[in-house]
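Secondary and tertiary structure notes
Listed below, chain by chain, are the residues.
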Amino acid sequence: MTVQEGFERVRTGCHRGICCRVLQLLLLLTSFFSVVLTAKPKMPGHTHLNSIRIDGDISLGGLFPVHARGNDGKACGELKKEKGIHRLEAMLFALDRINNDNELLPNITLGARILDTCSRDTHALEQSLTFVQALIEKDSTDVKCLSGGPPIITKPERVVGVIGASASSVSIMVANILRLFKIPQVSYASTAPELSDNTRYDFFSRVVPPDTYQAQAMVDIVKAMRWNYVSTVASEGNYGESGVDAFIQKSREDGGLCISQSVKIPREPRGGEFDKIVRRLSENPNARVVIIFANEDDIRVTQKPTLIPRVTWMNHPVKFKFDKCKSTVTRKILKKVESAMQLLQAAKKANQTGHFIWVGSDSWGSKIAPILDQEEMAEGAVTILPKRQSIKGFDRYFISRTLENNRRNIWFAEFWENNFQCKLSRHAVKKGSGVKKCTNHERIGKDSSYEQEGKVQFVIDAVYAMAHALHNMHKDLCPGKVGLCSKMDTINGTLLLKYIRDVNFTGIAGTPVVFNVNGDAPGRYEIYQYQMMNNTTEYKIIGHWTDQLHLDIPEMQWPGGIQDVPSSICSHPCRPGQRKKIVKGIPCCWHCESCDGYQYQADTYTCKMCRFDLRPNDNHTGCMPIPIVKLEWSSPWAVIPVLIAVAGIMATLFVVVTFVRYNDTPIVKASGRELSYVLLTGIFLCYATTFLMISTPDMVVCSLRRIFLGLGMSISYAALLTKTNRIYRIFEQGKMSVSAPRFISPASQLVITFSLISVQLLGVCIWFGVDPSQAVIDYEDQRTTNPEMARGVLKCDISDLSLICLLGYSMLLMVTCTVYAIKTRGVPETFNEAKPIGFTMYTTCIVWLAFIPIFFGTSQSAEKLYIQTTTLTISVSLSASVSLGMLYMPKVYVILLHPEQNVPKRKRSLKAVVTAATMSNKFNSKGGLRPNGEAKSELCESLETQVLSSKQTYISYSNHAI
């Protein structure tokens, strides 16, 4: 197994306990001997391959991504000017300041061993073996020179602490090695939340806040923009994956934020990989916001390094980086180069310009490189960066760097060629290539653009944190001692870690540098937005975050110059009166369902039914009382019954007045005055009931309805039943005997009539006792499917069944009376009132037979109240009108218009009267020519005589009548 393969296994299978640590140690030892035994001695101060060595009393390690990841099996790729060279020079700048500071570590010089990680964790792991070489005791007894003498092996300098690394994946890999040898590590850019685990990375600290703070800041930004549906893109590795995981975790904790797509960029993306990513991001067009935790190389467009012209200087490869400072000729050359389409360009290729709103992490920050030549795609992007300040002293230092005064940086020559687009070697310059030879008179910031990289401040603070910790340790271990003392010959890494965690000083930018128990710095971020205005672009600070967000939304601009914040929501807010039906598993997505019928929106997610007496308002956000209706006097449904009732009452009163006026005339007497007045009273009550049925229901009105609705008909039909029963009994008795039947006197007839009426009154009284009368509002009667048409009906508490029971007794009297009328139909009309009574009952039955289907057939109608009330009142009035018209109008006609017929006739015996009536009916068809009332008068007269005295045969009919 090669060393490379072994470290790959360490990377993928670490954190498995003691066995893992033993494996790591064995690999370290194997690698150490393979390096040491084959290395040539090197003098102090000389450069090492892929490393910088600066001598000092105490040496610090440094890890920087001087080069990008290599392709096609190569460890290193193109040079990184900002993230690599700027940061490396920042450490050198800090060392110079500290070594020249008489107050900090006086008479103690800090040295350094700086390595290139090539932005790859496995490569950094191999390089970091250099830091632990001095801690491994080497057995060289078996090693001899060719001359036989002992070998001369240069003892490597001991590194007491390491500054770095940049990428979180690199820091995690290196931290697993350094913790085995108790070497503290202070990172200036690694922000993965995983590194906050003090049980696994106990020797790791950082001057930048972890991504948990950054994730919280990004969640706060998303919520401040009122976005709730976003996608995430993460570079494969600890930084990207941990950052997205932290964002998702924070979004879940805060609630109200959902992830549409969570996409991962592979370490080695294949062709078309970014096109697939963009297609996935476009699957949900509502999720316009994309949260990016990606490496700079995955955001921008890169070129295949094997096709870029290369030159060497001092045996080191020099590569061009596509920059704004390139000459026109170089741009033309690179345009012909086949490019690997990356995220922004893939989105542009998919015609998504202006669609996606990017929210980038600190790896994007305010850098130009990720968006080079993709400005339109990046417009409106919101990025975040730990709060920083440009260090003026570093600007002066870096601008003054030349090839002559910066030979300690072995990569500076490569930077020089890349920055000024020239070649240091005359032989590397080809004719017609457009590439010039470097003159060494070029100057940074004058002949090339220069902008300080964002993490320079943190690199300097990291170096100072290590220096302050060593300074405090020196004060405690070597009090009053100038320079190092014996106690610091071998620095205890655990003790140094304690001093690092306890430092508290003001950094170079004026911000305090402190660490918490996990070695994390406090969260302080600045919020940027990439804006385009008047053909110029800039990263504009639009807010900051320190435990809470402060965002200047009016200063933000969006693609196309739009001021309004673009939306990125799964579902639009529901309209008033609609509830949210959450899509399973996606709390930010919902379907809007209207609260229909009698439902109202109780809350965001619930529709509830309104109370029985309420209906929803117009937008179904609440309930309001259902309107109350009743039969109004002005309604056509009431006017017609009232007119009929008024006419009937007037007619009834007219008959009563006529009868009272001609009370002693033969016709009035022959009609049976007592029962006639009772019958007329019942008819009057039937008409009067109409007014009770239309009056506004209350307890009094409802009580009167119960009493008089059935009472009027009971009085009428009780009187008619008594009459027909009397006639029937008289004729049946007269056929067998000359003696009159029992209970045919007026008094007896009244007793019978009132007895029949009392049954109705008794039933009503029992009803009152069981269920007192009251007015109710029936909300079910007109509860239509359309709530707007719903009405509450104010009515008396008389159900349809109760109404049938109330009128049932009257119906029974009517049917019985009809039966007697049928039995007496053979009696000639000239002798009695049987036939008029029969016609009255037949007609009444027809009226009520028509009433029943109309009344009950409209029980489901919306106009039920009006139809049933009108039908009932008209039916009652028609019944009364039939009785009044057929029984009394002919008599009134004779009394008023033919008084000559209203005269007394001779008297005959009962037997003679009955026999005459019977024989007349059979043989004498001319009996009908006799004056009206003659036979009836004789019959009534004879009957009255039999009642008064059984011994008398003839009496005057003027004293009694039927």
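These numbers come from a predicted model, not from an experiment.

Moving on, we get to the environment of Lys392. Tracing the chain through its elements places Lys392 in helix H14 (residues 392-399). Measuring from C-alpha to C-alpha, the distance between Lys392 and Ala509 comes to 9.7 Å, with 117 residues separating the pair along the chain.

This brings us to the packing of helix H20 (residues 673-694) against helix H25 (residues 864-887). Contact pair H20 / H25: the axes reach a minimum separation of 9 Å and the direction vectors enclose 160°. Our classification of the angle between H20 and H25 gives roughly antiparallel. As H20 runs across H25, the sense of the crossing is left-handed. On the side of H20, the interface is formed by Leu679, Leu680, Ile683, Cys686, Tyr687, Thr690 and Met693, while H25 contributes Thr869, Leu872, Thr873, Val876, Ser877, Ala880, Ser881, Ser883, Leu884 and Leu887.

Here we take up the packing of helix H22 (residues 746-770) against helix H23 (residues 800-823). Packing of H22 against H23 leaves a shortest axis separation of 10 Å and a crossing angle of 170°. Between H22 and H23, the angle falls in the class roughly antiparallel. Residue-level inspection shows Leu756, Val759, Gln760, Val764 and Trp767 of H22 in contact with H23, the latter providing Ser802, Leu806, Tyr809, Ser810 and Leu813. Split into classes, the residues belonging to the contact of H22 with H23 amount to 7 nonpolar, 3 polar and no charged.

Time to look at the state of the cysteines. Under the definition given, this model contains 9 disulfides. Across a sulfur-sulfur distance of 1.6 Å, Cys76 and Cys118 are joined as a disulfide pair. Judged by the torsion about the S-S bond (75°), the Cys76/Cys118 disulfide is right-handed. Taken together, the residues Cys76 in strand E4 (residues 76-79) and Cys118 in the loop between strand E5 (110-116) and helix H4 (121-127) connect sequence positions 42 residues apart. Judged by its relative accessible area of 24%, Cys76 falls in the partly exposed class.

Moving on: the UniProt feature "transmembrane region" (unreviewed entry) in the protein chain. What UniProt calls "transmembrane region" (unreviewed entry) maps, in this numbering, to residues 637-663, 675-694, 706-722, 801-822, 834-856 and 876-898. Measuring from the first to the last C-alpha atom of residues 637-663 gives 39 Å, for a span that is 93% helix and 0% strand.

All right, on to the nonpolar core then. With 70 residues, the main nonpolar core has Met91, Leu110, Tyr188, Leu470 and Leu496 as its most contacted residues. No other element matches the 13 residues that helix H16 (residues 456-477) contributes to this core. Counting 52 residues, the second-largest nonpolar core is a separate cluster that includes Ala651, Leu709, Ala719 and Leu813.

Bringing the sheet that holds strand E1 (residues 51-54) into the picture now. Strand pairing in a sheet relies on backbone hydrogen bonds, with the paired strands running either antiparallel or parallel. Pairing in this open sheet of 6 strands is mixed, and the strands run E1-E5-E2-E6-E7-E8 from one edge to the other. Looking at which strands have only one partner, the edges of the open sheet turn out to be E1 and strand E8 (204-206). For this sheet the average axis-to-axis angle between neighbouring strands, irrespective of direction, equals 20°. Of the pairings in the sheet, the one linking strand E6 (residues 159-163) to strand E7 (residues 185-187) comprises 2 bridges and is parallel in character. Across the sheet, the residue bridging to Ile163 is Val186, located in E7. On the sheet, helix H6 (residues 168-178) packs against strand E2 (58-64), E6, E7 and E8 and is oriented at approximately 170° with respect to E7.

Reading guide: rules and limits
- Residues numbered from 1 in each chain as written.
- Predicted model: local features only at pLDDT ≥ 70, side-chain atom pairs only at ≥ 80, totals over all residues.
- Heavy atoms only, no water.
- Helix = DSSP H or I, 4+ residues; strand = E, 2+ residues; numbered from the N terminus.
- Axes fitted to C-alpha atoms, helices over the stretch in contact; angles between N-to-C directions.
- Parallel < 35°, antiparallel > 145°, perpendicular 65-115°, else oblique.
- Left-handed = near helix turned anticlockwise from the far one by under 90°.
- Contact = heavy atoms within 4.5 Å.
- Nonpolar A, V, L, I, M, F, W, Y, C, P; charged D, E, K, R; others polar.
- Disulfide = S-S within 2.5 Å.
- Buried < 20%, exposed > 50% of the residue type's maximum accessible area, 1.4 Å probe, protein only.
- UniProt positions renumbered as here; feature names shortened; annotations may be inferred.
- Core = buried A, V, L, I, M, F, W, Y, C linked by side-chain atoms within 4.5 Å.
- Pairing = 2+ DSSP bridges.

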